[in-house]
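# Working through the structure, step by step
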Amino acid sequence: MNGHDTHPSSPLIDSPAPMHSKPHHASAVSPISAMNQYWKSYYDINAVKFAHSLMKQVDRTINGVEEEQSEIDLTVAGLRQVLNLNETDRVADLCCGNGLLTSGIARSVAETIGVDFSENLIDCANRFNAASNVRYVVGNVSTLDRSFFSGVTKVFMESSVQHLQSDDLSRLLRTLGNSPSVEAIFIGGVPDADRLGVYYDDDRKMAFYRQREAEGRPHIGTWWSQSQLRGVIEDSGLRVRFLPQDARLTSAYYRYDCLIERPSRHDITRPQPNAH
Ligand SMILES: C[S@@+](CC[C@H](N)C(=O)[O-])C[C@H]1O[C@@H](n2cnc3c(N)ncnc32)[C@H](O)[C@@H]1O
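Starting from 1, residues in each chain are numbered consecutively following that chain's sequence as written. For this predicted model, a pLDDT threshold of at least 70 governs which residues receive local features, and a threshold of 80 or more governs which side-chain atom pairs are given and counted, while totals over whole chains, interfaces and linings are taken from all residues.

Using a C-beta atom placed from the backbone, a residue is scored as near a molecule or strand whenever that atom is within 6 Å of it. Close to the ligand lie 24 residues; Tyr43, Cys95, Gly97, Phe117 and His163 are nearest. Put simply, DSSP H or I for four residues or longer makes a helix, DSSP E for two residues or longer makes a strand, and each gets a number counted from the N terminus. The leading source of residues in the shell around the ligand is helix α1 (residues 34-49), at three residues. Each residue gets one of three labels, nonpolar for Ala, Val, Leu, Ile, Met, Phe, Trp, Tyr, Cys and Pro, charged for Asp, Glu, Lys and Arg, and polar for the others, Gly among them. Looking at the shell around the ligand residue by residue, the classes come out as eleven nonpolar, nine polar and four charged.

Written out as structure tokens, the structure is:
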């Protein structure tokens, strides 16, 4: 199996890392769903278990081996291009993990704010991916409020939408749609439900996937078909363009990207005058 894929099959038993300093929290603590809690624990533990590897902490592995730095560089370059980033932009990196992408993006924009619900990963982001124009906060992206996005012009979420369920994503998109400064949103690295069998490409792998789902301990998380994702995005009042991943990325064979924008005036169908 390739891609962001090496989850432990053993129970989650490690204890969280000690914090170096009290992290900044995005908002008052909100109730967290069981699935959110599952992923939060998973990444809090990963941060400790792979203290020596920023790539492994955020599942940037291929068959258990760290991804090449070129995967980060290609992803940052692609984000700059598709979001048309410039030095006036204020960018939010949702589910930023330990800041591997956040700090790269920060080099070409005015300001970047990374948010992740894993305190331990935010702690690593502050220690290893700090910059003068980057701020990291602890928060659940599905419960952020509009004030969080005040002044933010572009938003991205990379390799993370698999951890959100429909209602989480819908809440987030509605908040973004109601945040007037936000011009564009990029969701990258979506595991494609229509290519599930390309990833779990033999009976043993598919049985593993099904067993983890049945146990309520998903392997990768939610696989989204483009039509399912389009439904959630359009129901939130936004429009989407699907893009193939850069073919040089190792995950391109089972993941896709999408660019989300507000409907332009041309997209809004004018009501037809009544025919009498
Ligand atoms: C595979 S990692 C990707 C990290 C980073 N975007 C990257 O590409 O290197 C997924 C990240 O999503 C975060 N995450 C998942 N669900 C979240 C949520 N509801 N709110 C905030 N962070 C979340 C996890 O803690 C983890 O850091």
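Partly exposed residues are those whose C-beta has more than 12 but fewer than 20 other C-beta atoms within 10 Å; 20 or more makes a residue buried and 12 or fewer makes it exposed, with C-beta atoms placed from the backbone. By the criterion of burial, strand β6 (residues 154-158) is predominantly enclosed, with five of the five residues buried. Of the two faces of β6, the one holding Lys154, Phe156 and Glu158 and the one holding Val155 and Met157 are both buried throughout. Judged from the four bridges that link them, strand β3 (residues 90-94) and β6 form a sheet pairing that is parallel. Bridge assignment links Asp93 to a residue of β6, and that residue is Phe156. At least two bridges found by DSSP between two strands are what make those strands a pair. Where β6 lies against strand β7 (residues 184-191), five bridges are found, and the strand directions are parallel. Counted as the bridge partner of Phe156 is Phe186 from β7.

Further remarks concern the sheet that holds β7. The strand order β5-β4-β3-β6-β7-β9-β8 describes an open sheet built from seven strands, whose pairing is mixed. Only two strands of the sheet have a single neighbouring strand rather than two, namely β5 (134-138) and β8 (239-244). For this sheet, the mean inter-axis angle between neighbouring strands, taken without regard to orientation, is 20 degrees. In the packing of helix α5 (residues 119-128) onto the sheet, contacts are made with β4 (111-116) and β5, and the angle to β5 comes to roughly 165 degrees. Lines fitted to the C-alpha atoms define the axes, with helices restricted to the stretch that makes contact. Angles between their N-to-C directions range from 0 to 180 degrees. Any two residues are considered in contact once their C-beta atoms, placed from the backbone, lie within 7 Å.

Counting buried residues along β7, six of its eight residues qualify, which places the element largely inside the surrounding structure. With helix α6 (residues 166-177) bridging β6 and the parallel β7, this β-α-β connection has right-handed handedness. Pairing analysis gives six bridges linking β7 to strand β9 (residues 255-261), with the strands arranged antiparallel. Across the sheet, Ile185 pairs through a bridge with Ile260, a residue of β9. Orient the strands so they point away from the viewer, and a crossover whose first-strand-to-second-strand path over the helix runs clockwise is right-handed.

This part is about helix α9 (residues 226-235). Within α9 the residues assigned to the buried category are Leu229, Val232 and Ile233. Looking straight down α9, one finds its buried side chains confined to an arc of 95 degrees; they lie on one side. Exposed residues pointing more than 90 degrees away from the buried face of α9 are listed as Ser227 and Asp235. In this structure, the buried residues of α9 make contact with α6, β7, β8 and β9. Just past α9, the residue Gly237 takes up positive phi, approximately 85 degrees. Comment: arc refers to directions from the helix axis out to C-beta atoms.

A few words on the packing of α6 against α9. The N-to-C vectors of α6 and α9 enclose an angle of 40 degrees; their axes lie 9 Å apart at closest approach. Classified by the angle their axes make, α6 and α9 are oblique. Note on packing geometry: the crossing formed by α6 with α9 is right-handed. Residues Ser166, Leu169, Ser170 and Leu173 of α6 pack against Val232, Ile233 and Asp235 of α9. Here the residues of the contact of α6 with α9 are counted per class, giving four nonpolar, two polar and one charged. Working definition: roughly parallel below 35 degrees, roughly antiparallel above 145 degrees, roughly perpendicular at 65 to 115 degrees, and oblique for all remaining angles. In this scheme the crossing of two helices becomes right-handed for a clockwise turn of the near helix relative to the far one and left-handed for an anticlockwise turn of less than a right angle.

For the rest of this paragraph, the subject is helix α3 (residues 69-82). Between its terminal C-alpha atoms α3 stretches 20 Å, which fits the 20 Å expected from 14 residues at 1.5 Å a residue. Inspection of α3 places Glu71, Thr75, Val76 and Leu79 among the buried residues, and these make up the whole buried set. Looking down the long axis of α3, one finds its buried residues gathered within 130 degrees of arc, a one-sided arrangement. Across α3 from its buried face, at more than 90 degrees, point the exposed residues Gln69, Ser70, Asp73 and Gln81. Among the structural elements, α4 (102-106), β6 and β7 are those in contact with the buried residues of α3. Remark: Asn84 follows α3 within two positions and exhibits a positive phi of approximately 50 degrees. Here, expected helix span is obtained from the residue count minus one, scaled by 1.5 Å.

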